[in-house]
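Spelled out, the chains give:
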Amino acid sequence: MHTFQPYPIDLIEMNPFTKIGKEWALVTAGDKEKANTMTVSWGGVGVLWGKNVVYIFIRDSRYTKEFIDSHEFFSLSFLGEEYRESLNYCGSHSGRNEDKFHKAALTPAFRHSIPYPDEANLVLLCRKMAAVPITEDTFIDPQIMEKWYADHDMHTMYVGEIIDAMAR
Ligand SMILES: Cc1cc2nc3c(=O)[nH]c(=O)nc-3n(C[C@H](O)[C@H](O)[C@H](O)COP(=O)(O)O)c2cc1C
């Protein structure tokens with residue numbers, strides 16, 4: 001197990017475009033009995049409802065969605081380039097069929113009972129504030145539905161308050 005240090009949020013310097021969009025992240029939810037993780041490259045960080053927040057977009061079909069929906073907390077974790085294979089794995093296999101942590105050579109760890117991969121170098125622990133279904137009628141640009149939702153596997157946007165950040 002790695003030792004993480006608290007990372008005051010004011011000190012975090014990250015470019016969300018490269019950090020989330022190019023390096024990717026793992027969204028993890030569940031509890032000590034069962035947890036699941038998946039790769040995301042859509043989302044952001046910012047300020048909303050007076051809180052520092054992350055927002056992520058999870059399609060209906062994702063097994064991880066069941067864990068996010070049934071728990072109050074989730075984590076958003078960033079891993080070094082040496083874990084690209086694990087990130088690829090978690091983005092192309094479903095935990096419905098296997099122990100994905102184990103298969104992706106990742107180790108579940110917990111803080112405040114919130115699961116995250118121990119291999120991460122930056123972890124944002126989040127309390128769910130809102131789950132916003134993205135529906136067809138919300139699109140102003142009609143191409144979005146055509147391009148991204150031909151199969152109607154819609155996203156839900158989760159907004160999470162960052163309650164703790166830690167790094168190593
Ligand atoms: C680079 C990358 C980024 C991804 N980003 C997202 C995302 O933002 N939202 C989403 O719902 N799925 C995303 N996926 C797909 C899920 O990670 C993938 O379907 C995963 O197998 C779901 O696992 P689960 O069924 O165990 O939850 C992404 C996949 C990759 C490879």
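Preceding block: the structure.
Residues numbered from 1 in each chain as written. Predicted model: local features only at pLDDT ≥ 70, side-chain atom pairs only at ≥ 80, totals over all residues.

This part is about the site of the ligand. Y63, T64, G91, S94 and G95 are the nearest of the 20 residues found near the ligand. Only β3 (35-40), β5 (51-59) and α2 (63-70) provide two or more residues apiece to the shell around the ligand. Ranked by residues supplied to the shell around the ligand, first place goes to β3 with four residues. Of the residues belonging to the shell around the ligand, the class tally is seven nonpolar, nine polar and four charged. (Near = placed C-beta within 6 Å. Helix = DSSP H or I, 4+ residues; strand = E, 2+ residues; numbered from the N terminus. Nonpolar A, V, L, I, M, F, W, Y, C, P; charged D, E, K, R; others polar.)

What follows concerns the pairing of strand β8 (residues 114-117). Where burial is concerned, the two faces of β8 agree: the one with I114 and Y116 and the one with P115 and P117 are both buried. Taken together, the four bridges between strand β7 (residues 108-111) and β8 define a ladder with antiparallel strand orientation. Looking at the pairing, P108 lines up with P117 of β8. Connecting β7 to the next strand, β8, in antiparallel fashion are two residues, including H112 with a positive phi near 50°. (Buried ≥ 20, exposed ≤ 12 C-beta atoms within 10 Å, placed from the backbone. Pairing = 2+ DSSP bridges.)

Once that is clear, we can look at α2. For α2, every residue scored as buried is listed here: T64, K65, F67 and I68. Seen end-on, α2 carries its buried residues on one side only, within an arc spanning 160°. Buried positions along α2 lie against β2 (25-30), β3, β5, β6 (73-78) and β10 (155-167). (Arc of directions from axis to C-beta. Contact = placed C-beta atoms within 7 Å.)

Further remarks concern the environment of V40. Here V40 lies in strand β3. C-alpha separation for the pair V40 and I134, spaced 94 residues apart in sequence, amounts to 17 Å. With residues near it in sequence (within four places) discarded, V40 still touches W24, A25, V27 and I56.

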